[in-house]
Amino acid sequence: MQTNRWDLQTEQPNKQVIEEAAHLLKSGQTVAFPTETVYGLGADATSATAVSGVFQAKGRPEDNPLIAHVATKEQLSRLVTELPAIAEKLIDEFTPGPLTLVLPSNGACAKNVTAGLSTIGVRIPSHPIAQQLLKTCDIPIAAPSANISGKPSPTTADHVWSDLNGKIAGLIDGGPTGVGVESTVIDCTQQIPVILRPGGVTKEQLEQVAGTVMTDPALANKSGQPKAPGMKYTHYAPEVPMWLVAGSAEDIQVVIDTERIQQKRVGVMASTETAGKLQANRVIPLGTSLEEVAAGLYDALREFKNGDVDLILCETFPSTNIGQAIMNRLEKAATAYIKD
Ligand code: TXA
Ligand code: MG
């Protein structure tokens, strides 16, 4: 399949491009587009055939449900049997934005979107291109991250291109995405909302609006079945093994030196401050704030290529605010976790 690429390279939508992309989506094709978190691979959520094109292009297991994307709260309410008061509060406060709500599905979307579950994940993205595209389509768009399943999510159009060129009908290049990690998935079907996947809206922010918010215990102790089916799969894996290393720059340098004596080429990713103190075969500074680290995380994971380095070492970060999402992704990407 020929992939049509529109190089806007800016967040601002272009009317003709949006119309062409919307036309492809409405005729059952797959189109990748930027959101404020990561690039998504979209398809008409009301068509099982269109949605199966997404699973095929990504090589995604069919028991992993997709998020339905819409432009407005009104469109969202057409996909669910009810909008509990707490969900409405979260929608009003945090959307359009990086939050996905799990709610009881009314069956308006095709069955393969929800992987047969009675609930559906719904999200109103804030990215101007995503907003305009969803408004123009005026149908719910099922959109997982636009990467090959198991790889780091794409935060640039080039990431999407290297994974999916030739497998999808279109790609809108809107430049790098801002948040860099995916939306927070929050289950609003119970009395107390439960975070199934930490993401762009932090637990601290959610608690300010919703009071008590829980986190799916399966995320912390790694036993038990996570409630977001996608969280059980290997994810975000770079091309070479990655070890998470807790401790100071000195501690990390000891591990680097030990591995290099054994002829391993070692790549490191760390905060800019720590990176400045380290010597390895390649060092990628991730930024000075947790927000910057989140924004650059997946690009860094993709930067380390097989053949350039044999091992990646990554610093750990505090699990507060967006750090919760960062550490969740790093722990899933890592093949080992070195704590003193
Ligand atoms: O930021 C994002 O959310 C991006 C952009 C493109 O919007 N999308 C994204 O989709 O990350 P995906 O498919 O890569 O991840 C969706 C996650 C998976 O872990 C999936 O299992 C979970 O949400 N999920 C979807 N529907 C669900 C449901 N009904 N119940 C529980 N978990 C659900
Ligand atoms: Mg994904």
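Note that the structure is a prediction, hence the values are computed from the model and not measured.

Visitor: Kindly report on the pattern of salt bridges, identifying the contributing residues and their values.
Guide: Close approach of charged atoms lets side chains of opposite charge pair. Tallied over the entire structure, the rule returns 16 salt bridges. Residue Asp163 is joined to Arg302 by a salt bridge in which the shortest nitrogen-to-oxygen separation is 3.0 Å. One end of the pair, Asp163, is in helix H6 (residues 157-164); the other, Arg302, is in helix H11 (residues 290-303), with 139 residues separating them in the sequence. The pair Asp163 / Arg302 is uniform in exposure class, with both members buried. With a shortest N-O distance of 3.1 Å, Lys203 and Glu207 are connected by a salt bridge. Taken together, the positions of Lys203 and Glu207, both in helix H7 (residues 203-210) and 4 residues apart, correspond to about one turn of that helix. The exposure class assigned to Glu207 is partly exposed, which follows from its relative accessible area of 30%. Linked through salt bridges whose partners overlap, the residues forming this network are Arg5, Asp7, Asp158 and Asp173.

Visitor: Residue-level account of the nonpolar core, with values.
Guide: For soluble globular proteins, nonpolar side chains are generally found buried alongside one another. Within the largest apolar cluster, 44 residues are counted, with the highest numbers of intra-cluster contacts made by Leu90, Leu101, Val113, Ile186 and Leu206. Mapped by element, the contributors of at least two residues to this core are strand S3 (39-44), helix H2 (48-58), helix H4 (85-94), strand S5 (99-104), strand S6 (119-123), H6 and H7. For this core, the leading source of residues is H2, giving 5 residues. Not counting the four nearest positions on each side in its chain, Leu101 is found in contact with Ala87, Leu90, Ile91, Ile120, Gly121, Val122, Ile186 and Cys188.

Visitor: Help me get a handle on the side chain of Thr30, residues and values and all.
Guide: Among the secondary structure elements, Thr30 is positioned in the loop between helix H1 (15-26) and strand S2 (31-34). Taking relative accessible area as the criterion, Thr30 reaches 5% and is therefore assigned buried. Excluding residues within four positions of it along the chain, Thr30 makes contact with Leu41, Gly42, Ala43, Ala50, Gly53, Val54, Lys167, Ile168, Ala169 and Gly170.

Visitor: Which residues make up the site of ligand 1, and what values go with them?
Guide: Lining the immediate surroundings of ligand 1 are 28 residues, of which Thr37, Asn64, His69, Ser183 and Gly230 lie closest. Taking His69, its side chain carries an N or O atom lying 2.7 Å from an oxygen atom of ligand 1. In this structure, Ser145 approaches ligand 1 through a side-chain N or O atom, which is 3.0 Å from an oxygen atom. A total of 680 Å² of accessible area belongs to ligand 1 in isolation, and the protein chains cover 97% of it. Mapped onto the shell around ligand 1, the elements with two or more residues apiece are S3, strand S4 (67-69), S6 and strand S10 (194-197). In terms of residue count, the dominant contributor to the shell around ligand 1 is S6 (4 residues). Class assignment of the residues belonging to the shell around ligand 1 gives a composition of 14 nonpolar, 9 polar and 5 charged.

Visitor: Please set out helix H9 (residues 249-261) residue by residue, giving values where relevant.
Guide: It helps to recall that an α-helix has 3.6 residues per turn; residues three or four apart then point in one direction. An ideal rise of 1.5 Å per residue puts 18 Å on 13 residues; H9 measures up with 18 Å between its terminal C-alpha atoms. Tucked inside the fold, the buried residues of H9 contact strand S12 (242-245), strand S13 (266-270), helix H10 (272-275), strand S15 (311-315) and strand S16 (336-338). Where H9 ends, the next residue or the one after it, Gln263, has phi of about 65°, a positive value.

Visitor: Which residues make up the packing of H11 against helix H12 (residues 323-333), and what values do they have?
Guide: Here H11 crosses H12 at 25°, and the two axes come no closer than 9 Å. With respect to their mutual orientation, H11 and H12 come out roughly parallel. Judged by the sense of rotation from one axis to the other, the crossing of H11 with H12 is left-handed. Contacts from Leu290, Val293, Ala294, Leu297, Tyr298 and Leu301 in H11 reach Gly323, Ile326, Arg329, Leu330 and Ala333 in H12. Within the contact of H11 with H12, the residues separate by chemical class into 9 nonpolar, 1 polar and 1 charged.

Visitor: Talk me through the packing of aromatic side chains; I want residue IDs and the actual numbers.
Guide: A complete count under the given rule lists 1 aromatic pair for this structure. On the numbers, 5.4 Å between centres and 10° between planes, the contact of Tyr236 with Tyr298 is stacked. Here Tyr236 is found in the loop between helix H8 (217-221) and S12, whereas its partner Tyr298 is found in helix H11, with 62 residues between them in sequence. The exposure class of Tyr236 is buried, given its relative accessible area of 2%. According to the relative accessible area criterion, Tyr298 is buried, its value standing at 0%. Above the ring of Phe304, the side-chain terminus of Arg282 is found at 5.9 Å from the ring centroid. Directly above the aromatic system of Tyr337 lies the positively charged group of Lys339, at a separation of 4.2 Å from the ring centroid.

Visitor: Help me get a handle on the sheet that holds S6, residues and values and all.
Guide: Spatially, the 11 strands line up as an open sheet ordered S1-S8-S2-S3-S7-S4-S6-S5-S9-S10-S11, and their pairing is mixed. Edge positions in the sheet fall to strand S1 (4-7) and strand S11 (214-215), since each of these pairs with one other strand and no more. Here S5 runs beside S6; their pairing, made up of 5 bridges, is antiparallel. Pairing of Pro104 across the sheet is with Thr119, part of S6. Each of S3 and strand S7 (141-142) is contacted by H2, which is oriented at about 145° to S3, the strand it contacts most.

About the criteria used
Residues numbered from 1 in each chain as written. Chains lettered and ligands numbered in written order. Predicted model: local features only at pLDDT ≥ 70, side-chain atom pairs only at ≥ 80, totals over all residues. Heavy atoms only, no water. Salt bridge = Lys/Arg side-chain N within 4 Å of Asp/Glu carboxyl O. Helix = DSSP H or I, 4+ residues; strand = E, 2+ residues; numbered from the N terminus. Buried < 20%, exposed > 50% of the residue type's maximum accessible area, 1.4 Å probe, protein only. Core = buried A, V, L, I, M, F, W, Y, C linked by side-chain atoms within 4.5 Å. Contact = heavy atoms within 4.5 Å. Near = heavy atom within 4 Å. Polar contact = N/O pair within 3.5 Å; in protein donor to acceptor, adjacent residues only side chain to side chain. Areas by Shrake-Rupley, 256 points an atom, 1.4 Å probe, with all protein chains shown as cover. Nonpolar A, V, L, I, M, F, W, Y, C, P; charged D, E, K, R; others polar. Expected span 1.5 Å × (residues − 1). Axes fitted to C-alpha atoms, helices over the stretch in contact; angles between N-to-C directions. Parallel < 35°, antiparallel > 145°, perpendicular 65-115°, else oblique. Left-handed = near helix turned anticlockwise from the far one by under 90°. Phe/Tyr/Trp six-rings, centres within 6.5 Å; stacked < 30°, edge-to-face > 60°. Lys NZ or Arg CZ within 6 Å of the ring centre and 35° of its normal. Pairing = 2+ DSSP bridges.

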